[in-house]
Amino acid sequence: MIATSPFALATCQPGMERALKAEVARIRPDLHPGFQRPGLVTFKATRSPFRPDEAPASVFARLWAASAGPCLTADAVLATAADIGTVRLFLSARDVSPEDDHPHALRVAIQRDLSGWDRTLRPAFTGGAIQPGELVLDVLTWPGEAPVVGWHRHGPDRHAEPGGAIPVTVPAGAPSRGYRKIAEALRVFRPPLAQGDGVLELGSAPGGGTRAWLDAGCRVAAVDPQPLHADLRGAPGLKPIAARVGDLAPDSLPPGLKWVSCDAGITADDLVHALARLKPSLGAVKGWIVMLPVADDAAAKRLPATLQKLRKLGATHVVARQLPSNRGDVAVYATR
Ligand SMILES: C[S@@+](CC[C@H](N)C(=O)[O-])C[C@H]1O[C@@H](n2cnc3c(N)ncnc32)[C@H](O)[C@@H]1O
């Protein structure tokens, strides 16, 4: 039975491998980058072997696992499972970004490849809900490539689904992919929402995020100079405010707001500035869910300093994650 591995693996959004490696160099300098594929990086554990219960607190990693490396055949995957002593399987494509991020032909190829592995491997594993403490084999597939295999010890702070996917159902006709971003953030961060909580949403049009907050049972003050999608007109609990954030007077906001949400594509500095200016009207706010741009290396590097600025605004708990639906941004959850 193998308990640990000389290597770790992490998956991330394809294109963010450099940001992940820079982050790991900062938070876990003992992990040195090894081979990588788009959206997957392996690390050599130089201090002590990587344990399946380890999951460094990372913004960019979707999942962590002890790495067994690529397995060329199904037999090799099954032999690895036997060596590790697990009968539990997390099988997924290496990249679990929303389907519409991939061209149709690639989507079909991903699905066909995954189904083939599923047919071969699934019968050898035990189904049903995986319990905390169980070892799970992570098999990460991609068309035309040998799957990369790892394993982790399951627990509440680990990826809950194969590949680190976050299953949310986007209703037909949701005004934008902003719905999925907020729905994923609510699922991952689990803010303690109460029915009827007031949300100040900055940069709301066309209204995907607005719809997600309303569906979560909140009331929304939706700020944007652009109009919301017509389907949202007159929605119960919705107060559209046609303004730019910078033109918003603190006393124009509804009283008792509990949450601030922002997916406006504005810089972190502009957001922090706006929050500081509106602070007199945000006294009852419990927390923020904001999407911050990290499209270039410099913005990704500045992220720890940006999170520090949110702490200065009064946040005591700040966590950032690049969710599957994020593209050039990350989701930040801050509470006080
Ligand atoms: C990416 S879209 C937002 C998507 C939206 N959150 C959704 O879920 O559908 C960016 C929006 O931010 C708005 N925006 C950009 N800068 C803004 C500002 N300074 N104040 C208010 N809204 C702003 C734009 O008008 C645009 O509608």
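Undergrad: Quick question: what am I supposed to make of the pairing of strand β11 (residues 257–262) here?
TA: Look at any regular strand and the pattern is simple: side chains alternate between the two faces of the sheet. Among the six residues that make up β11, six are buried, leaving the element largely enclosed by the rest of the structure. By the bridge criterion, five bridges tie strand β8 (residues 198–202) to β11 in an arrangement that is parallel. Bridge pairing in β11 links L200 to V260. Here β11 pairs with strand β12 (residues 287–293) via four bridges, running parallel. By the bridge assignment for β12, C262 is matched with V290. As a crossover connection, the stretch from β11 through helix α6 (residues 268–278) into β12 is right-handed.

Undergrad: What exactly am I supposed to notice about the packing of helix α4 (residues 178–189) against helix α5 (residues 208–215) here?
TA: The angle between the axes and the distance between the axes are what describe a pair of packed helices. Relative orientation of the contacting elements α4 and α5 amounts to 40°, with a least axis distance of 6 Å. Considering the angle they form, α4 stands oblique to α5. Relative to α5, the crossing made by α4 is right-handed. Contacts between α4 and α5 pair G178, Y179, K181, I182 and A183 from the former with G208, G209, R211, A212 and W213 from the latter.

Undergrad: Would you mind showing me how to read helix α7 (residues 297–312) here?
TA: Every α-helix winds through 3.6 residues per turn, so residues three or four apart in the chain are directed the same way. Its 16 residues place the ends of α7 24 Å apart at the C-alpha level, agreeing with the 22 Å of an ideal helix rising 1.5 Å per residue. Residue G314 follows α7 closely and has a positive phi angle near 115°.

Undergrad: Honestly, the nonpolar core in this entry has me stumped. Any pointers?
TA: Considering soluble globular proteins, one finds that nonpolar side chains tend to be buried as a cluster. Grouped together as the largest cluster of nonpolar side chains are 95 residues, with contacts concentrated most on A8, A10, L20, L137, A331 and V332. Looking at this core, you find at least three residues from each of domain 1 (7–164) and domain 2 (178–335). Ignoring any residue separated from it by four or fewer positions in sequence, one finds A10 in contact with L20, V41, S58, A61, L63 and W64.

Calculation rules
Residues numbered from 1 in each chain as written. Predicted model: local features only at pLDDT ≥ 70, side-chain atom pairs only at ≥ 80, totals over all residues. Buried ≥ 20, exposed ≤ 12 C-beta atoms within 10 Å, placed from the backbone. Helix = DSSP H or I, 4+ residues; strand = E, 2+ residues; numbered from the N terminus. Pairing = 2+ DSSP bridges. Right-handed = clockwise from strand over helix to strand, strands pointing away. Axes fitted to C-alpha atoms, helices over the stretch in contact; angles between N-to-C directions. Parallel < 35°, antiparallel > 145°, perpendicular 65-115°, else oblique. Left-handed = near helix turned anticlockwise from the far one by under 90°. Contact = placed C-beta atoms within 7 Å. Expected span 1.5 Å × (residues − 1). Core = buried A, V, L, I, M, F, W, Y, C linked by C-beta atoms within 7 Å. Domains from an automatic or database assignment.

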